[in-house]
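# What the coordinates show
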Amino acid sequence: MKKNILTLLLLVAISALGQEKEAQKKKDFFFEPSGRIKLIYPMQFGEHSLSEAHNANVGAGWNLSFFNYKNFRFSPGLDWVQYDVTDHALVGNFSTTNYTSANGTISYEVPLTSKISVLPDVGLGYVYISQRSSGRYFGAQEGNEVRAGMTADFKTNRLLTVFFSARYIHSNLNMATNEQFQNYYDSADQIQLALGLKIN
Amino acid sequence: MIKQISLILICAALTSCGVNYDGESRLVTQITVVDRDGSPIAGRPVDITVADDGDYDVISNSVTDSNGHALLIFPTPDFDDKIQISIYGDGIWQYQYYHNLTRLNFKDYKFVINTNLYRLLEITQLNIKLNHVNLDRHVGDIRIEGLQPRTNVYFQSQPSNLPSYPDEPVSFFVLQEQSITLHYTIYQDSGPQEYTETVQIGTDHLLDYTITY
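Right, let's walk through the structure included here. Small disclaimer: the values here were computed from a predicted structure and weren't measured. (Residues numbered from 1 in each chain as written. Chains lettered and ligands numbered in written order. Predicted model: local features only at pLDDT ≥ 70, side-chain atom pairs only at ≥ 80, totals over all residues. Heavy atoms only, no water.)

### Notes on the overall build of chain A
- Secondary structure assignment for chain A yields four helices and 10 strands.
- Taken from N to C terminus, the helices and strands of chain A fall in the order α-β-α-β-β-β-α-β-β-β-β-β-α-β.
- Of all 200 residues assigned to chain A, the portion counted as buried reaches 44%.
- Residue pairs at least 24 apart in sequence account for 60% of intrachain contacts in chain A once pairs closer than 6 positions are excluded.
- Within the structure as shown, chain A displays about 10,800 Å² of accessible surface, and the carbon and sulfur contribution to it stands at 65%. (Helix = DSSP H or I, 4+ residues; strand = E, 2+ residues; numbered from the N terminus. Buried < 20%, exposed > 50% of the residue type's maximum accessible area, 1.4 Å probe, protein only. Contact = heavy atoms within 4.5 Å. Areas by Shrake-Rupley, 256 points an atom, 1.4 Å probe, with all protein chains shown as cover.)

### Focus on the interface of chain B and chain A
- The interface is formed by 23 residues belonging to chain B together with 23 residues belonging to chain A.
- Between chain B and chain A, a total of about 1,900 Å² is buried, with carbon and sulfur atoms accounting for 48% of that surface.
- The interface formed by chain B and chain A holds one salt bridge in total.
- Salt-bridge contacts for Asp 57 of chain B lead to Arg 136 of chain A; the nearest nitrogen and oxygen are separated by 2.9 Å.
- Linking chain B with chain A are 14 residue pairs in polar contact (both at pLDDT 80 or more).
- Looking at side-chain class alone, the side of chain B that touches chain A contains 11 nonpolar, seven polar and five charged residues. (Buried area = accessible area lost by both parts, 1.4 Å probe. Salt bridge = Lys/Arg side-chain N within 4 Å of Asp/Glu carboxyl O. Polar contact = N/O pair within 3.5 Å; in protein donor to acceptor, adjacent residues only side chain to side chain. Nonpolar A, V, L, I, M, F, W, Y, C, P; charged D, E, K, R; others polar.)

### Thoughts on the pattern of salt bridges
- A complete count under the given rule lists 12 salt bridges over all chains for this structure.
- Here Lys 198 of chain A ties to Asp 153 of chain A by a salt bridge, and the two come within 4.0 Å at their closest N and O atoms. One end of the pair, Lys 198 of chain A, is in strand E10 (residues 187–199); the other, Asp 153 of chain A, is in strand E8 (residues 136–155), and 45 residues separate them in sequence.
- The exposure class assigned to Lys 198 of chain A is buried, which follows from its relative accessible area of 9%.
- The shortest N-O distance in the salt bridge between Asp 208 of chain B and Lys 129 of chain B comes to 3.4 Å. On the criterion of sequence distance, the pair formed by Asp 208 of chain B in strand E14 (residues 206–212) and Lys 129 of chain B in strand E8 (residues 123–131) is long-range, its members being 79 residues apart.
- Among the residues examined, Asp 208 of chain B registers a relative accessible area of 44% and is labelled partly exposed.
- Taken together, the salt bridges that share partners define one network made up of Lys 38, Asp 79, Glu 145 and Arg 147 of chain A.

Below, the structure is given as structure tokens:
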């Protein structure tokens, strides 16, 4: 009997929530929390140390979003990728470089079908790059980044959406060195691919 | 108890071993090595060591390319850390070490080495022997002018420029097939007198030259 009552209450709650969401979507601005977790792979390009003296590994990231305004969303997030140092003469005699980005993006959702949407986005971020080897710390570099890209959402059910994204990221990094090598260490360009799950 | 643990952790953090680096700064070392004829030497291992009170890191390493060039770029250590640049020798080539550099030696973050390395077969050990026949006379300030392989180059302090001790035999490494100038001073009751002689270096790996006084 208890089980039946609980099930009934749950169904009522879900139904009420669904009706509330439908009602909210008729408003311009409404509370619609969601989170994205993703695996990311950066493809660095150009003449800079992350591109030419490192190999990227698969990294991870997440984004959160709470509000929807006319299909616009602001999403703070965090990306983390570890790079293996491949040219110790150009970077230093340590094994890894960790790239962390704390960023915020604004996206606009364009529904293509009931299950598929695309979301172009632009964003800014704070970058922290640290160098390590066997627990030793070899200093850190800070900077900022601008990012622009596109995400494709494939809704699988009410709760989960699979997404794929590709975005261009340009990083400006603090660096003092010989003028001849300044650009090699103070900027980076990458195309970042991501595959993940969005939890509605 | 918590206070004691905190104190221990703070002390451990403050005295943590290892060289510290500035991750937002890079020092550049550009090395070019050529032989006696000016031809580039490929395949010479080079590295950079940073030392700080007993701790040290080999912070960068490379090998000279076909043009004799090696480029090493590494995070900048603290101001008082000592930097050593090593160009390694083997059974054919001499070594060359640059000692006691600091980040202040890097002008505009760059330190350039253009140097000659010599084959060991091109080097003669010149032993200056002393034939002390007159006990009222002493010899000192023995030095030479000529082509010498540089093996240890010191910055900040230069311990190698001290005059030789009186009546002490000395040795020099010199390149073969050249004339070198030998300078020395004879000390006697009438006052010091400087002497200059020319010594012909052939192709022997050991050469003794005797000063009689």
